[in-house]
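# A structural walkthrough
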Amino acid sequence: MHKKTLLISTAFIVLICFSLIIPATSLARSGKVGNPQPEGPLGQLTCIDKIDNDLDGNIDADDDDCKKELNAKVILVEFSDKLHRQQHNKRYYEKKIISDLVSYHKENSFGQVILQESFDFITPNHGEWFKLENKKEDDYDDGSDKGDIQQFFADVISLVESATSFRLSALDEKKDVLIIVYSEAWNDRTAWPIKGPLTTCAALWYKTDGVITKCSEGNYKEAGLSIIFLSENNKFSTWAHEIGHTIGAFDLYEAGNVSKWGLMGKGWGKNPPHMTSYMKWSLQWLNYNSIEYGTYWINSLVTSNFGDYVQRYVINEDKYYVLEVRTNDIQYSDWDRYAPNDALVLYQVDESGEEPNINIPSYGVLKAKKSFKDIFLKVRKSFTDCDNNVKFTALEVDKSNNKYQIKVKIEKTEPEDCD
Ligand SMILES: [Zn+2]
């Protein structure tokens, strides 16, 4: 890229940085047990509130910073030596991905995240894909596992701005999400994409230096303008995950083993289930309630409502269990039918480190009644934590009143449990 272009891009970045307002993602909460404030103090916005804490005339949950209405803009761009697959046109993305994205994020967020129904495709005069005429795919191979996203981004913006009326500086960092889809080779023999040098990620501007943060690793609470980079071959689930980052959700796949139980885990295949209750709490859609030894009905994630309580069993200031009921019964939800099982899932949360660690212990997925196939999965009726003197048992399921609940008994361990 020419030096002059780089200077122009930097100027836009500076412009954006000056106009930054604290985004809603900065409201994500810490899970410290000592700080389980369901309602913020008067004068302070707390998105979960059904009252008007910040005294602006709206209940807090309806405030602009909490209810996220997002406009997505899509740029399709190919390298001079890697043309896109013919079937990957605007219509393909609209039909196969975008309508599901709108539906997924609406259901998952209790209606708090609204993506505009039709995404705005920025297109060149002829056709739908831009072409980086002087750039080959490997020009962005800088030896790292993410590729030179920074240079790629600068080149794409300079190309698109020279060919259209699109201006990066005109984007609204609170509402706009910019999605850049790049071409990627496809091996017809194995029907599997050949990974190029660039990564799939959601990147956000840092306020201080205007440089794209490390993709999928950054501190999303510092978010500015949201930019998503995707390969043309990425499926719906990856798009949904990256949009998750732009609304403040963080990766859980390296901080524990949430895996198929949540969008921010990994391994869900084609269709993702909902985000876990931990993440929904962190995004201020659900509250926390602490419970002790006793017997409780736990309502499922998909039959809960905005502002409902997630139950947790507290071990100490930094450690607690989140008790979450999931059902993949199609009658309750369009998206959590992709959850792995109907079960009570126990998450061990450890907030003592810099980032929280969320771990489903071995045999921490409980069923009141096991089916034949559960014998082959790691599913049991009880889970015992002998280090912390607690035993959880799934007792029964209740499906009345449009709810799906599991009754759980939390008790002190007996010596024979821990032999
Ligand atoms: Zn991620």
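Residues numbered from 1 in each chain as written. Predicted model: local features only at pLDDT ≥ 70, side-chain atom pairs only at ≥ 80, totals over all residues.

### Quick word on the overall build of the chain
This is how the line gets drawn: For the purposes of this entry, the term helix denotes a DSSP run of H or I that reaches at least four residues, the term strand denotes a run of E that reaches at least two, and both are numbered from the N terminus. Exposure in this text rests on C-beta crowding, where 20 or more other C-beta atoms within 10 Å of a residue's own make it buried, 12 or fewer make it exposed, and counts in between make it partly exposed. The C-beta atoms are placed from the backbone. Note on contacts: residues are paired as contacts if their backbone-placed C-beta atoms lie within 7 Å.
Looking only at helices and strands, the chain features five helices and 20 strands. Scored against the burial criterion, the 419 residues of the chain give a buried share of 39%. Long-range contacts, defined as pairs at least 24 residues apart, comprise 61% of the intrachain contacts of the chain with a sequence gap of at least 6.

### Some remarks on the nonpolar core
Spelled out, the test is: Structurally, a nonpolar core is described as a collection of buried Ala, Val, Leu, Ile, Met, Phe, Trp, Tyr and Cys residues joined by way of C-beta atoms within 7 Å. Domain start and stop positions are those given by an automatic or database domain assignment.
Counting residues in each nonpolar core, the largest one holds 93 residues, and the members touching the most others are V74, I75, V77, I179, I180, L344 and Y347. No fewer than three residues from each of domain 1 (66–251) and domain 2 (287–418) sit in this core.

### Some thoughts on the packing of helix α2 (residues 90–108) against helix α4 (residues 236–246)
Heads up, the rule is: Under this scheme, a helix contributes an axis fitted over its contacting stretch, all axes are lines through C-alpha atoms, and angles between N-to-C directions fall in the 0 to 180 degree range. Note on terminology: angles under 35 degrees are roughly parallel, angles over 145 are roughly antiparallel, angles of 65 to 115 are roughly perpendicular, and the others are oblique. Here is the rule for handedness: rotate from the far helix to the near one, and if that takes an anticlockwise turn smaller than a right angle the crossing is left-handed, while a clockwise turn gives right-handed. Only Asp, Glu, Lys and Arg are considered charged, only Ala, Val, Leu, Ile, Met, Phe, Trp, Tyr, Cys and Pro nonpolar, and every remaining residue, Gly among them, polar.
It is the contact of α2 with α4, at a shortest axis distance of 10 Å, that shows an interaxial angle of 45 degrees. It follows that α2 is oblique to α4 by the angle criterion. Between α2 and α4 lies a crossing of right-handed hand. Counting all contacts with α2, which are made through K96, I97, D100, L101, Y104 and H105, the residues of α4 involved are F236, W239, A240 and I243. Here the residues of the contact of α2 with α4 are counted per class, giving seven nonpolar, one polar and two charged.

### Some remarks on unusual backbone geometry
Most of the time, phi is negative for any residue but glycine, and the peptide bond is trans. We note that F110 has phi near 60 degrees; this positive angle belongs to a residue other than glycine. Within the secondary structure, F110 is located in the loop between α2 and β2 (113–115). Residue N401 is not a glycine yet carries a positive backbone phi of 55 degrees. Tracing the chain through its elements places N401 in the loop between β19 (390–398) and β20 (405–411).

### Digging into the sheet that holds β19
Keep this limit in mind: Note on pairing: two strands pair once DSSP finds at least 2 bridges between them.
With respect to topology, four strands assemble into an open sheet ordered β11-β20-β19-β18, the strand pairing being antiparallel. Only two strands of the sheet have a single neighbouring strand rather than two, namely β11 (294–299) and β18 (382–385). Between one strand and the next, the sheet's axes are offset by a mean angle of 25 degrees, whatever the strand orientation.

### A short note on α4
The periodicity of an α-helix, 3.6 residues per turn, causes residues three or four positions apart to be oriented the same way. Among the eleven residues that make up α4, nine are buried, leaving the element largely enclosed by the rest of the structure. Within α4, the full set of buried residues consists of S237, W239, A240, H241, E242, I243, G244, H245 and T246. The positive-phi residue at the C-terminal boundary of α4 is G248, with phi of around 105 degrees.

### Overview of the pairing of β20
Both β11 and β20 contribute to a ladder of six bridges, which runs antiparallel. Directly across from W297, in β20, lies its bridge partner K407. Across seven bridges, the pairing between β19 and β20 is antiparallel. By the bridge assignment, K391 is partnered in β20 with E411. Joining the antiparallel neighbours β19 and β20 is a turn of six residues, in which N401 adopts a positive phi near 55 degrees.

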